[in-house]
Every structure is written in C-alpha cells, then in structure tokens.
2 protein chains.
Amino acid sequence: MTPTPENIDLLIEARWIATVDTNQVLKNHAVAVNNGIILAILPVTEARNRYHPTTRKTLNQHILIPGLINLHTHAAMSLMRGIADDLPLMEWLQQHIWPAEAALVSNQFVLDGTRLACAEMLRGGITCFNDMYFFPQAAAQAACEFGMRAAIGITALEFPTNYANDADDYIAKGIAAREACSHNPLISFCLAPHAPYTVSDRSFQRMATLAEQLGLPIHCHIHETKQEIEDSLKQHGQRPLARLSALGMIGPEFIGVHAVHLEDDEIAALAAANCSIAHCPSSNLKLASGFARVAEMQRAGINIGLGTDGAASNNRLDMFWEMRLAALLAKGLSGDASTLPASEVLRMATLNGARALGLEQITGSITPGKSADLCAVSLSESDCMPCFDPISHLVYVAGREKVSHVWIAGQCCLDNNTLLTGSDIHLESSTALWQNRLEVCIGAKST
Amino acid sequence: MTPTPENIDLLIEARWIATVDTNQVLKNHAVAVNNGIILAILPVTEARNRYHPTTRKTLNQHILIPGLINLHTHAAMSLMRGIADDLPLMEWLQQHIWPAEAALVSNQFVLDGTRLACAEMLRGGITCFNDMYFFPQAAAQAACEFGMRAAIGITALEFPTNYANDADDYIAKGIAAREACSHNPLISFCLAPHAPYTVSDRSFQRMATLAEQLGLPIHCHIHETKQEIEDSLKQHGQRPLARLSALGMIGPEFIGVHAVHLEDDEIAALAAANCSIAHCPSSNLKLASGFARVAEMQRAGINIGLGTDGAASNNRLDMFWEMRLAALLAKGLSGDASTLPASEVLRMATLNGARALGLEQITGSITPGKSADLCAVSLSESDCMPCFDPISHLVYVAGREKVSHVWIAGQCCLDNNTLLTGSDIHLESSTALWQNRLEVCIGAKST
C-alpha cells in the first residue's frame with residue numbers, strides 16, 4: 001500500500017544540488033520545504049511519491065545552492081556606487097566619501113540605499129548580509145521589506161556624525177535598534193566597532209563586554225592597510241591586532257574584515273582564538289590595500305567568509321565576482337592552480353559566513369532542519385556549455401545574472417529573474433534624487 | 001534653406017559615447033554609419049537634421065563603445081570549458097588537455113568550438129578576436145558565419161597533431177588557409193608560433209621571414225611561467241625573450257602573450273622594439289602563472305591589449321571580466337588606487353588591441369573613416385544605479401550581460417540581447433555531442 005503523500009509548502013526539483021555540508025553534488029534531487037524549513041533532500045522520483053507540495057518548482061538546467069552570505073558590506077553606500085573611482089585611498093575618503101556622508105547620511109538615506117543594495121544582492125543570489133553602517137534600524141527595515149536575512153551592525157566610532165555624538169551614543173542607539181527588531185526572526189545583530197583607528201580602548205572594552213553579555217558576534221575592520229598598522233605602532237606601541245587582543249576582543253565571536261596585512265604569528269593567533277575573517281578581494285585590490293594571505297589563513301584553520309564591502313569601493317555587491325576572484329587570487333599568490341578549489345570557495349560564500357555570524361544552525365547549507373535559504377543558478381545558456389562539473393561552473397563560468405530563483409526562509413523572493421519582494425519600491429526615483437544631492441555635495445559633474 | 005538630409009544606413013543615438021580616441025565621454029551624441037563605415041559623431045539634434053537613416057537606434061540608457069578586441073584566445077577550446085579545473089598546470093596539460101586534443105581535434109571540432117566561442121564573445125561585446133589554434137580555415141568559417149572580425153593564427157609547433165605533421169606542414173596549411181580567406185575583409189591572419197618551448201630556432205626564423213614578406217603580426221606565448229624560463233636557460237643558455245630577439249622575432253609586429261615573468265631590461269627591450277603584449281589576467285591567475293607587471297610595462301610605453309585566453313583556462317571569454325580584473329590587479333600590485341584607471345583599461349580592450357593586430361586604421365575606436373564595430377552597454381538596471389561616471393561604470397559595475405547591441409562593419413549582430421548572426425546554428429546539440437566524446441576520452445564523470 002502506498003502511503004498518502006504528505007502535504008508541504010514547496011518542492012524544488014533541481015538537476016544538481018550542492019548542499020555544501022558535503023562537497024558532493026546530488027543529481028536530480030529535490031528539496032522539500034515546509035513552514036520555511038528544509039524537511040528533506042531526496043531523489044526526485046522518491047520526492048514525488050512522498051510529498052504533495054502546494055508549489056512545485058522544476059529546475060532542469062539549474063544548480064541549487066545555499067543562499068550566499070555576504071559577510072561584509074555597508075549596504076547603504078550603494079547610493080555612492082562609483083562616486084570617486086581610481087583615486088588614492090585617503091583622497092577617496094577625505095575628499096569624497098566622508099564629506100558626502102557628513103552632509104547627507106540620514107535615516108532616509110540609509111533606508112533608500114539599503115533598499116537599492118537589497119535588490120542588487122537578492123538578484124545575485126545573496127540571502128543574508130552582514131552590514132556595518134549608520135541608522136541600523138533603517139537598514140533592518142529595508143532588509144525586512146525585501147524579505148532578506150541580515151546581521152545588522154551596532155556600529156560605533158568615536159567621532160560625531162548625523163547619526164550619533166560619541167561611541168556611547170552609537171552603542172545606545174544600536175542596542176535600541178536591536179530591541180526594536182526583536183520580533184523579526186530574520187534580523188540579528190553584531191557589535192560593529194568600526195576599526196582600530198576610529199575606536200578607543202574604552203569603547204572596545206565596552207563592546208567586548210556587551211558581546212559577551214548579549215551573545216553577539218563582533219564585526220570590525222582590521223589590518224586593511226599598512227598605514228593603519230604603522231599608525232597604531234606609533235600611537236599605541238603595538239599592532240592593531242595585538243591591541244584588540246589585549247582589550248579582550250579576539251575570540252570565536254570576532255569577525256575581522258579585510259585582514260590583508262598579517263604576520264605568521266598573527267595568523268596563528270587568529271586561528272588559535274577561533275576567529276573568523278571576512279575576505280573582501282575586490283575591495284582590497286580596488287583601494288590598493290593589498291593581497292590577503294587566504295591560503296595560509298585557510299591552512300591554519302581560520303574560518304574565512306567572503307564579503308563584497310560597500311559599493312563605493314567595489315563597485316558591485318556581487319558574491320559571484322568575489323568567489324571567482326578569491327579562487328583566482330589564491331592560485332596566483334600560491335603558484336599552485338589547485339589552491340582554493342571551487343567547492344571550497346562556495347563553502348566560504350555560504351557555510352563559513354553563517355558560522356562567522358553564529359547562524360550555522362539556521363542557514364549556510366542545504367541541510368534538513370535549517371531555514372530554506374536557497375539560490376538556483378541556471379547553467380542552460382551557451383556561455384555555460386559544455387558543463388563537466390557544475391560547482392566549477394558555478395564559480396568559474398556563471399555570473400550573478402544566471403541566478404534565476406531565490407528563497408529565504410521558504411519565501412520566494414526572486415522567481416525566474418523577477419523580484420517578488422520589495423517590488424513596489426521605486427528604486428529609480430529615490431536613487432536619482434540622492435544622486436542629485438550627492439553631485440551638488442561633492443561638485444561632481446552630472447552624467 | 002535647410003539642406004536635404006543625407007540618406008544613410010544607420011544612425012545610433014546614445015546617452016553616452018566613449019570614442020576611445022580621446023578619454024572624453026560625449027553625451028547625447030549619435031554615430032552615423034553608411035556602407036559599414038563611421039561617417040560622423042555629432043550631437044543627436046544635429047544628426048537628426050543632417051541624416052535620413054534607413055535604421056535609427058535610440059539608446060537612452062546606454063554607453064556606446066568601440067567593439068571589444070580579444071587579443072588572445074584559442075576559441076575552439078570552448079568545447080573544453082572547465083574540463084579540468086583546479087589542477088596544477090602540468091597535470092592539466094598532460095593528463096587532460098593534450099590527450100583530449102590528440103584524440104578529438106578535427107576540422108569539425110574547431111568549427112563547432114569556434115562557433116560556440118563566437119556566440120559567447122558577440123553576446124559579450126567582442127567584435128574581433130585574435131585566435132591561435134589548429135584548422136584555421138574552420139575558425140575563419142565560424143567567424144564568417146557570425147559576422148565577426150578575426151585575426152586567425154597561422155599556428156605552428158614542432159610536434160605532429162591531427163592537423164599537421166611538422167612545423168613546415170603547419171605553416172604551409174596556414175598559408176593556404178589565408179589564401180582561401182583572401183576574399184573576406186573581416187578576416188586577417190597572424191603568424192602564430194605557439195611558444196618558445198614548442199618551436200625550434202629554424203621555424204622561428206622562417207616565421208620571422210614570412211611575417212616580413214607578408215606584412216603579418218606575430219602572435220606567440222612568451223614568459224608565461226617560471227618553468228619555461230628555467231628550461232630555456234638549460235636548453236638554450238638564454239631566456240626565451242633573448243632567444244626570440246636573436247632569431248629576429250622581436251619588433252613592432254610582435255604580440256607577446258602573457259609576459260608574466262619579465263625583468264626590467266626585458267620590459268625596456270620590448271618597449272624599445274615597439275612590441276605589443278596580450279595581457280590575460282584571469283588565465284595567468286587560474287593556471288597560477290603569476291602577476292604580469294602591467295603598470296611597469298605601461299609606464300615603459302609598451303602597447304598592452306587584453307585577452308581572455310581559451311575557455312579551458314579562464315573559463316569565460318569575457319572581456320568585461322578581464323578589464324575589471326586588469327584594473328584591480330594593477331592597483332593591488334602597485335599599492336596605488338589610481339593605477340590603470342577605467343579609461344585606460346577600456347583603451348587596452350579596444351584601440352590597443354587593434355594596434356597590436358595592425359588594424360588601427362580599421363577598428364578599435366569610434367572614429368570617422370573606421371569600420372562601424374560598435375558595442376552598446378545598458379546601464380539602466382538598478383544594479384548600475386546611480387551612475388556618476390559612465391566609463392567607470394562600464395569597467396567596475398557593468399558585466400557582459402549588460403551588452404545589448406553589437407555591430408560589426410555596420411551589420412547588427414546582436415540586437416537588444418538577441419543574436420542575429422549564426423542564429424541558425426544549433427550550438428546546444430553540437431556541444432552536447434562533443435561533451436560526450438570528451439567525457440569518454442578523458443574518463444570524466446558525466447554530469
């Protein structure tokens with residue numbers, strides 16, 4: 001006797017599934033989803049007998065992967081995409097980015113900018129992003145509108161902005177934003193001290209204490225440039241990482257962003273402390289910061305995720321670019337083409353990011369019991385033919401434009417390349433308005 | 001009295017035009033085309049009075065650029081896209097690429113593979129490619145079917161293949177292919193000695209003589225890996241470039257491919273001889289060859305174009321990727337974010353490539369009198385917003401999927417993302433057939 005099929009919300013049948021909890025690729029399997037949770041991964045024929053889905057999606061030319069996790073961004077800076085390219089770092093910051101931010105950043109700026117970023121990220125298969133910017137409640141609101149998972153930064157630095165007066169004020173406002181979002185299961189928070197050169201010892205210590213009390217990750221720029229290290233040696237008599245370590249910041253909850261300039265003993269220390277790194281290869285090159293020692297960090301056992309950084313320094317919030325670039329750079333630097341293979345880079349862009357954010361029980365792989373945060377990538381077009389290895393194609397051949405479907409906690413956000421969430425938001429008009437204001441502010445030529 | 005408008009074939013009105021013969025961007029200008037030749041570039045309002053076009057194309061959200069020139073590829077290797085990724089170079093070559101080529105390469109393989117490559121390149125805005133492979137007549141046929149401009153290699157090496165027995169046989173067959181194509185104005189030829197480690201002194205000398213007699217460029221891999229240099233020192237007592245120089249190969253007609261490992265004096269020598277370099281950044285990283293010294297070569301005055309290399313080592317024939325990667329790497333290596341700005345990288349991908357191929361009177365910039373080889377890129381979608389500088393957006397923001405239109409010698413090959421040339425060729429079935437044969441040949445798992 002055939003048992004009665006079980007009613008479920010969603011069955012996704014795919015030609016290939018990369019679950020990421022192993023490196024194996026499943027062929028002609030299906031993912032069964034109910035109430036936003038992955039129930040099972042099983043052969044299509046078996047799934048059709050066992051389940052009666054409300055929605056069935058058949059993806060005959062696609063690889064289904066976990067939703068991508070962008071481990072470092074300043075989402076609202078999308079409004080400053082390409083505002084000042086090909087300039088030296090300090091000129092970029094001091095003459096363009098900081099004046100623009102000082103003049104214009106507001107709750108509405110962050111809301112509109114994060115909306116623009118969410119649309120871009122969702123279309124590119126990103127289901128979760130780790131954000132560091134001002135007005136965190138506005139960022140959280142935008143993520144909610146698009147149905148995205150986000151880790152929002154309780155950002156802090158010492159100097160005043162439109163958002164807050166001093167580090168204590170930043171922290172208080174960030175904690176309040178966290179409380180206001182406590183009802184939303186897709187929104188989590190990180191303590192986000194901006195960087196060693198903008199945050200005092202006292203504030204770092206406060207944030208280390210808070211991280212422990214609240215059980216939150218710490219998200220901080222670290223060793224991005226040589227200059228930052230030299231300045232720290234002058235001012236504090238030690239390198240930034242040593243200083244942060246002495247202040248109690250360095251532990252399993254620490255996510256160090258960039259980490260371009262590391263000595264061997266610093267890699268060993270980060271590994272011993274079970275830290276995570278957010279590797280941002282495009283940004284590291286575009287701002288001429290340098291080449292992160294990813295292969296060495298990986299060998300040491302550091303958990304490495306990938307981040308796009310903000311659109312003012314990348315200028316794409318595109319995890320496909322970061323995956324491919326990370327793999328290529330690691331090979332070029334090591335002199336060994338087998339360094340950082342495609343499957344490992346996919347893990348960085350998914351499960352490793354989830355682990356860094358303390359979300360590995362919830363997302364980052366296609367595993368029964370986890371949230372259905374999924375991304376389907378079509379490999380059907382002639383520029384993806386032939387296909388000998390779908391994971392290799394995902395990293396080296398496909399671009400983000402091949403992302404056809406995205407689900408977050410089972411909700412379909414992108415359906416056959418059409419955005420379903422946030423679709424009532426008029427990104428074009430709000431972006432044009434901010435562009436005009438920015439051009440006035442920095443005296444840019446109108447395009 | 002208003003003069004009667006002049007009848008012309010085509011008027012393309014664009015929001016922005018980057019002509020590349022200057023770094024200026026023209027706003028709301030038009031390109032007038034007749035008989036495949038660019039007549040004029042002028043403001044849209046003026047163009048509408050002056051011309052009566054058979055076809056008018058209005059591109060309100062686009063930047064029009066010269067068609068991209070892929071200065072180094074092995075087009076037919078598209079059939080081996082991703083066949084053996086993440087492997088050390090010698091294992092890749094000896095256990096995968098060479099056995100597959102030995103078993104399968106034929107006139108039909110090259111025809112089908114080059115067709116697949118042409119479709120990919122055209123969709124990505126490439127109007128001209130410099131090819132090095134076997135069965136050049138088949139490659140030329142594929143280019144003709146797609147209406148593409150191509151410089152086809154008179155490839156030669158010493159060892160026998162399915163195509164030819166020895167260097168003299170390769171050269172004779174290449175010369176015959178050139179004669180057979182002499183009626184096609186879009187097809188030119190290069191002498192293409194494969195590399196210093198596969199070609200003898202005698203054959204190099206023959207090809208240097210032929211290049212001079214026939215007025216052809218020379219297209220040759222050079223200093224791709226450290227191993228190649230060490231082997232040459234052992235075998236010939238000199239580095240490959242010195243050897244080629246002594247054999248009379250190094251002059252304005254020489255296009256050195258890769259050129260990853262160069263000493264200062266070698267850069268100076270290449271500059272002094274007015275050589276060109278085909279920089280292939282993706283391939284150099286993916287095969288772990290290293291980082292080419294592009295900023296130094298550029299400062300020395302070497303003419304540098306960009307190439308994708310073949311799809312077995314890249315795995316995208318994507319000049320947008322190469323442009324962005326070249327710009328990012330140059331910044332990372334130099335430690336200066338202003339190195340290799342977007343406008344310079346666009347010049348590499350267009351005019352510099354044309355110059356290397358001896359085609360600078362014909363293509364490479366939007367200049368009256370040149371062939372109408374053009375590419376339109378749409379910057380309208382939200383992931384390209386806002387836009388402060390369209391050339392910067394072209395390089396750092398847009399991907400090849402934003403290419404909407406391509407014209408070659410005035411013929412529309414891609415119209416609003418739809419391929420018009422070669423559209424009757426069944427790429428899917430021919431590629432599937434070769435994939436099956438390749439999988440049998442190398443014992444690959446079926447996907």
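Small disclaimer: the values here were computed from a predicted structure and weren't measured.

Asks: I tried to follow the domain arrangement of chain A on my own but got confused; where do I start?
Replies: Reports of interface size often rely on the accessible area that becomes lost once the parts have come together. All names here are of chain A. Split into domains, chain A comes out as domain 1 (6-66 + 372-416) and domain 2 (68-356). The C-alpha centroid of domain 2 is placed 29 Å from the C-alpha centroid of domain 1. Of the roughly 2200 Å² buried where domain 1 meets domain 2, counting both sides, 65% is carbon and sulfur surface. At the surface where domain 1 touches domain 2, the tally comes to three salt bridges. A salt bridge links Arg149 to Asp373, with the nearest nitrogen and oxygen atoms 2.7 Å apart. In this structure, the connection of domain 1 to domain 2 is made through seven residue pairs in polar contact (both at pLDDT 80 or more).

Asks: Can you help me understand the pairing of strand 5 (residues 68-73) of chain B in this one?
Replies: A regular strand carries its side chains on alternate faces of the sheet. Residues and elements named next belong to chain B. Across the six residues that make up strand 5, a large majority, six, are buried. Pairing between strand 5 and strand 6 (residues 126-131): four bridges, direction parallel. Its bridge partner being in strand 6, Asn70 is matched across the sheet by Phe129.

Asks: What should I look at first to understand the interface of chain B and chain A in this one?
Replies: The interface is formed by 68 residues belonging to chain B together with 68 residues belonging to chain A. Across the chain B to chain A interface the summed buried area is about 5500 Å²; carbon plus sulfur atoms make up 59%. Put simply, chain B and chain A have four salt bridges between them. Measuring nitrogen to oxygen at the nearest pair gives 2.7 Å for the salt bridge that ties Asp86 of chain B to Lys331 of chain A.

Asks: Where do I start with helix 5 (residues 167-180) of chain B in this structure?
Replies: One full turn of an α-helix is made of 3.6 residues, so residues set three or four places apart face in the same direction. All names here are of chain B. Given a rise of 1.5 Å per residue, 14 residues ought to cover 20 Å, and the 20 Å separating the end C-alpha atoms of helix 5 matches this to within 8%. Of the residues making up helix 5, those classed as buried are Ala167, Asp169, Tyr170, Ile171, Gly174, Ile175 and Ala177. Along its buried surface, helix 5 packs onto helix 4 (136-145), strand 7 (149-156), strand 8 (187-193) and helix 6 (201-214).

Asks: Help me out: how do you make sense of the sheet that holds strand 16 (residues 418-419) of chain B in this one?
Replies: Paired through their backbone hydrogen bonds, the strands of a sheet run either parallel or antiparallel. Residue and element names in this part refer to chain B. If you walk across this open sheet you meet the eight strands as 3-2-1-4-13-14-15-16, and the pairing is mixed. The sheet is open, and its two edges are formed by strand 3 (37-43) and strand 16, each paired on a single side. Bridge count between strand 4 (residues 51-66) and strand 13 (residues 374-378): five bridges; the pairing is antiparallel. When the sheet's bridge partners are listed, Pro66 is paired in strand 13 with Leu374.

Asks: What exactly am I supposed to notice about the relation of the copies chain B and chain A here?
Replies: Here the second copy of the chain follows from the first by a rotation about an axis and a shift along it. Overlaying chain B with chain A gives an RMSD of 0.0 Å, the required rotation being 180 degrees about an axis along which the chain moves by 0.0 Å. The two molecules are tied by a two-fold rotation axis, judged by turn and shift. Minimal C-alpha separation from the rotation axis in chain B is found for Glu401 of chain B, amounting to 3.6 Å.

Calculation rules
Residues numbered from 1 in each chain as written. Chains lettered and ligands numbered in written order. Predicted model: local features only at pLDDT ≥ 70, side-chain atom pairs only at ≥ 80, totals over all residues. Heavy atoms only, no water. Domains from an automatic or database assignment. Buried area = accessible area lost by both parts, 1.4 Å probe. Salt bridge = Lys/Arg side-chain N within 4 Å of Asp/Glu carboxyl O. Polar contact = N/O pair within 3.5 Å; in protein donor to acceptor, adjacent residues only side chain to side chain. Buried < 20%, exposed > 50% of the residue type's maximum accessible area, 1.4 Å probe, protein only. Helix = DSSP H or I, 4+ residues; strand = E, 2+ residues; numbered from the N terminus. Pairing = 2+ DSSP bridges. Contact = heavy atoms within 4.5 Å. Expected span 1.5 Å × (residues − 1). Least-squares fit on C-alpha atoms with pLDDT ≥ 70 in both.

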